[in-house]
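So you can see what is in the structure, the chains are spelled out below.
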Amino acid sequence: MAPGRHPILLLLNGDIHTMEPGQPRVSALAIDRGSGRILAAGDDSDVRALAGPLTETLDLRGRVALPGFIDAHTHLLGYAQGRLEVELRETRSEDEAVALVKARAATLPSGTWIIGHSWDKNQWTPERFPSKASLDAVAPAHPVALASHDYHSYWVNSEALRRAGIDAATPDPGSGRIERDGAGEATGMLYEMDAMGLMEAVIVEPDDETLLAELRRVNAELRARGVTGVHNIEGARSLRLMQRLRAAGEIGPRALLYIPRQSLPDALRLGLEADFGDDFLRLAGVKIFMDGALGSQTAAMLDPYEGAAGKTGLLTTGEEEIERAVREAAQGGVGMAIHAIGDRAVKTALDGIEAGWRAGTLHARRIRLEHVQLARLDDLQRMARLGVVASVQPFHAVVDRYTAERYWGDRHRRAYAYNTMRELGVRLALGSDTPVDTCDPLRILHAAINRYDDRTPDAPPWLPDQMLTLQQALHASTVGAAYAGGQEAQQGTLAPGKLADLVVLGEDPFAVPQQRIAGAEVAATLIGGELVHGALE
Ligand SMILES: [Zn+2]
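This is a predicted model, so every value here is computed, not measured.

Looking now at the sheet that holds strand β3 (residues 25–26). Spatially, the 6 strands line up as an open sheet ordered β3-β2-β7-β22-β23-β24, and their pairing is mixed. What marks the edges here is a single partner per strand, and that holds for β3 and β24 (530–534). As defined by bridge partners, strand β2 (residues 15–17) adjoins β3 across 2 bridges and the pair is classed as antiparallel. Each residue of the ladder has a partner; that of His-17, found in β3, is Arg-25.

Written as structure tokens, this is what we have:
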């Protein structure tokens, strides 16, 4: 069809924050429904001039519209799966968690797997890692596997250990650890991927149809929260199910995919490169782990954890390995997302990236460090210099604050230093890391600008120097996230030629007290110019 003959949607009378420096506020957008892209942004009269016979007009009634939120770090299949499991997030002791397992066991035939997640021993009294004994007492005939809050350890029972073939003679696999008692017997705690993998090899997962139905509900939840794009970090099953949803006409959020590093050789053999896919489902790069996590004290530290003589966590990938991965990813034309939580993990990752860069192999694809929870100042400066994006999760900061103070001591003052990163010129992208924490972008913005968990309004702001302004946090949730994925030409701002992904809020977030941001209403969400949540007018 010739220009002007496509159906056009005009959004008029809005308070539209475009995130474009040259034209930050407009009242109207024209959207080409054929391509799902923005045709024009301006005042009502400019945009009205584009009206034709196929034009539909919607009145925003003065409401605020923003580019749709892009969540730069998700595990959506994990989230869907988690919603089918025993939820242990709110438990405050091992006994409370065991009671929930007991209740689930009563509903399932013997021999059926009981899977659970999100227990956090740092929230428990007494605070200690649990053991198989308490699970054996309530579910001796069901295999039980319960992932910790940070997904860096499993708590399992004797039946699960038996099915995985783990006994006193099993060596610690790779960089993982099987916890043992004085007699060398496994206690029921498995730490890090290599050890957790022994369990994952035998766990019987829900079938595809069950998961697809739950993934649809997850996508609907994200659209209702104003999320129009995600950077999803998962493996083959996730990619396969997302393709099935895409083929069935699912309309977002748009997913940019980061696959495990181990899959890179296969992807390259097939000739896949970043950008393979379409605007709804696209390959971006590979994910690599440098270390564990703070909650399990497995994040790799330059100096030992407080009160844990000599314990510095686990570095799961070395500098040479990262350098090699940078080279491979560059040759293969894919981006990299490198999980690095502790200051040693951040330093080692940057050493490897810098070595790759010096060797002249670093090319235009984005490299990003995920989490960056503790870093030395000179490493943050290095991130800015090397153009490495900080993909961070403000909700982790407000949940982890007490754990960080306890295990990092004085070092915690340098932790989750988002404003320092910004001032140094590090590009920021905000995300949720769902299912680890909430995927609600307004609660994440609240955490970024207020530095406390909206569920505990009496808590003082944590490290208030590191607060972002609303504008800065919004920028990192839209422009910054688009940049992290190498998609800044397509997404992140509302400008002619870009995808018409936007969110309309029920109240002006710039006008309400900033402590109320978490409760703001999402009135409508549009993806590619289609209304996918709520109503306009
Ligand atoms: Zn994650």
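The next point concerns the sheet that holds strand β1 (residues 8–12). Here we have 4 strands laid out as an open sheet, ordered β5-β4-β1-β6, and mixed in their pairing. Of all strands in the sheet, those bounded by a partner on one side alone are β5 (37–42) and β6 (55–59). Adjacent strand axes in the sheet meet at a mean angle of 20° when their direction is disregarded. Strand direction decides the pairing type here: β1 and β6, joined by 5 bridges, are parallel. Directly across from Leu-11, in β6, lies its bridge partner Leu-58.

Successive side chains on a regular strand alternate, one facing one side of the sheet and the next facing the other. Most of strand β17 (residues 281–289) sits out of view: 8 of its 9 residues are buried. In this sheet, β17 lies alongside strand β16 (residues 254–260) in parallel orientation, the contact comprising 6 bridges. Within β17, the position partnered with Leu-256 by the bridge is Arg-282. Summarising the sheet, β17 and strand β18 (residues 335–340) pair through 5 bridges and their orientation is parallel.

Looking at the zinc ion, one finds its protein donor set to be His-73 (NE2), His-75 (NE2) and Asp-433 (OD), positioned 2.1 Å from the metal centre. We note that the donor set of the zinc ion lies within a single chain, spaced as H-x1-H-x357-D. Accessibility classification places His-73 together with His-75 in one group, the buried group.

Structurally, Leu-531 can be placed in strand β24. By relative accessible area, which is 42% here, Leu-531 ends up partly exposed. In sequence terms Leu-531 and Gln-487 are 44 residues apart; their C-alpha atoms lie 22 Å from each other. Each residue touching Leu-531, except ones within four places of it in the same chain, is listed here: Ala-524, Thr-525, Leu-526 and Leu-536.

Within this structure, the stated rule accounts for 8 aromatic pairs. Ring centres of Trp-119 and Trp-155 lie 5.8 Å apart, and the angle between their planes is 80°; this geometry places the pair in the edge-to-face category. Of this pair, Trp-119 sits in strand β10 (residues 114–119) while Trp-155 sits in strand β12 (residues 153–156); the two residues are 36 residues apart in sequence, bridging distant segments of the chain. We classify Trp-119 as buried; its relative accessible area is 1%. Taken together, Trp-119, Trp-124, Phe-129, Trp-155 and Tyr-191 form an aromatic cluster joined through their ring pairs. Sitting over the face of the ring of Phe-280, Arg-254 holds its NZ or CZ atom 4.6 Å from the ring centroid.

A few words on the pairing of strand β19 (residues 367–371). In terms of residue burial, β19 counts as a mostly covered element, since 5 of its 5 residues are buried. Sheet topology places β18 next to β19; 5 bridges connect them, and they run parallel. Paired with Ala-337 across the bridge in β19 is Arg-368. As paired strands, β19 and strand β20 (residues 389–392) are joined by 3 bridges and run parallel to one another. Looking across to β20, one finds that Leu-369 is bridged to Ala-390.

With that settled, the discussion passes to the pattern of salt bridges. Any two side chains of opposite charge can pair if their charged atoms end up close together. On inspection of all chains with the given rule, the structure shows 44 salt bridges. Of the charged contacts, one joins Asp-440 and Arg-225 as a salt bridge, the two residues approaching to 3.1 Å between their closest N and O atoms. Of this pair, Asp-440 sits in the loop between β21 (428–430) and α15 (441–450) while Arg-225 sits in the loop between α7 (208–224) and β15 (227–233), and the two are 215 residues apart along the sequence. Here Lys-347 makes a salt bridge to Asp-351, at a shortest N to O gap of 2.9 Å. Within this pair, Lys-347 and its partner Asp-351 are both found in helix α11 (residues 343–358), separated by 4 residues, close to a single helical turn. Its relative accessible area of 18% is what places Asp-351 among the buried residues. Through salt bridges with shared partners, a single ionic network connects Lys-347, Asp-351, Glu-354, Arg-376, Asp-378, Asp-379, Arg-382 and Arg-385.

Okay, the packing of helix α2 (residues 76–83) against α7 next. Close contact between α2 and α7 brings their axes to 9 Å; oriented N to C, the two are set at 110°. Judged by the angle between their axes, α2 and α7 are roughly perpendicular. Each of Leu-76, Leu-77, Tyr-79, Ala-80, Gln-81 and Arg-83 in α2 lies in contact with α7, whose residues at this interface are Leu-211, Glu-214, Leu-215, Arg-217, Val-218, Asn-219, Glu-221 and Leu-222. Classifying every residue of the contact of α2 with α7 gives 8 nonpolar, 2 polar and 4 charged.

Before going further, it helps to examine the packing of α7 against helix α8 (residues 236–247). One way to put it is that α7 packs onto α8 with a least axis distance of 10 Å and a crossing angle of 70°. Considered as vectors, α7 and α8 are oriented roughly perpendicular to each other. Here α7 contributes Asp-208, Glu-209, Leu-211, Leu-212, Leu-215, Arg-216 and Asn-219 to the contact with α8, which in turn contributes Arg-237, Arg-240, Leu-241, Arg-244 and Leu-245. Across the contact of α7 with α8, the residue classes break down as 5 nonpolar, 1 polar and 6 charged.

Time to look at helix α6 (residues 192–200). Within the span of α6, buried status applies to Glu-192, Ala-195, Met-196 and Met-199. What you see down the axis of α6 is that its buried residues fit within an arc of 100°, all on one side. On its buried face, α6 is in contact with β11 (144–148), β12, α5 (158–164), β13 (177–180) and β14 (186–191).

Here Trp-113 is to be found in the loop between α3 (94–105) and β10. As for Trp-113 and Pro-265, which are separated by 152 residues in sequence, their C-alpha atoms are 33 Å apart. Within the local environment of Trp-113, its side chain forms a polar contact with the backbone oxygen of Val-202, the two atoms lying 3.5 Å apart.

About the thresholds
For every chain, the first residue of the written sequence is number 1, and numbering continues from 1 onward in sequence order. Per-residue local features of the predicted model are confined to residues with pLDDT of at least 70, and side-chain atom pairs are confined, for both listing and counting, to 80 or more; whole-chain, interface and lining totals are unaffected and use all residues. Excluded from the side-chain calculations are hydrogens and water; all other atoms, namely the structure's heavy atoms, are used. A pair of strands counts as paired when DSSP detects no fewer than two bridges linking them. For the purposes of this entry, the term helix denotes a DSSP run of H or I that reaches at least four residues, the term strand denotes a run of E that reaches at least two, and both are numbered from the N terminus. Here an angle of 0 to 180 degrees is reported between the N-to-C directions of two axes, which are lines fitted to C-alpha atoms, with helices fitted over the stretch in contact. Residue exposure (1.4 Å probe, protein chains only): buried if accessible area is under 20% of the type maximum, exposed if over 50%, otherwise partly exposed. The rule for donors is simple: N, O or S, within 2.8 Å of the metal, or within 3.2 Å if the metal is Na, K or Ca. Water isn't counted, so a site may look like it is missing partners. The criterion used for residue contact is that any of the two residues' heavy atoms lie within 4.5 Å. Only Phe, Tyr and Trp rings take part, Trp by its six-membered ring, and two of them pair if their centres are within 6.5 Å. Stacked means planes under 30 degrees apart, edge-to-face means over 60, and tilted covers everything else. Here, a charge over a ring is recorded when the distance from Lys NZ or Arg CZ to the ring centre is within 6 Å and its angle to the ring normal is within 35 degrees. Salt bridges are counted wherever a side-chain nitrogen of Lys or Arg sits within 4 Å of a carboxyl oxygen of Asp or Glu. For classification, angles of less than 35 degrees are called roughly parallel, those exceeding 145 degrees roughly antiparallel, those between 65 and 115 degrees roughly perpendicular, and all remaining angles oblique. Three classes are used, and their members are as follows: Ala, Val, Leu, Ile, Met, Phe, Trp, Tyr, Cys and Pro are nonpolar, Asp, Glu, Lys and Arg are charged, and the others, Gly among them, are polar. Here, the arc refers to the directions that run from the helix axis to the C-beta atoms. Side-chain atoms alone can form a polar contact between residues adjacent in sequence; in general such a contact is a pair of N or O atoms within 3.5 Å, and within protein one must be able to donate a hydrogen while the other accepts it.

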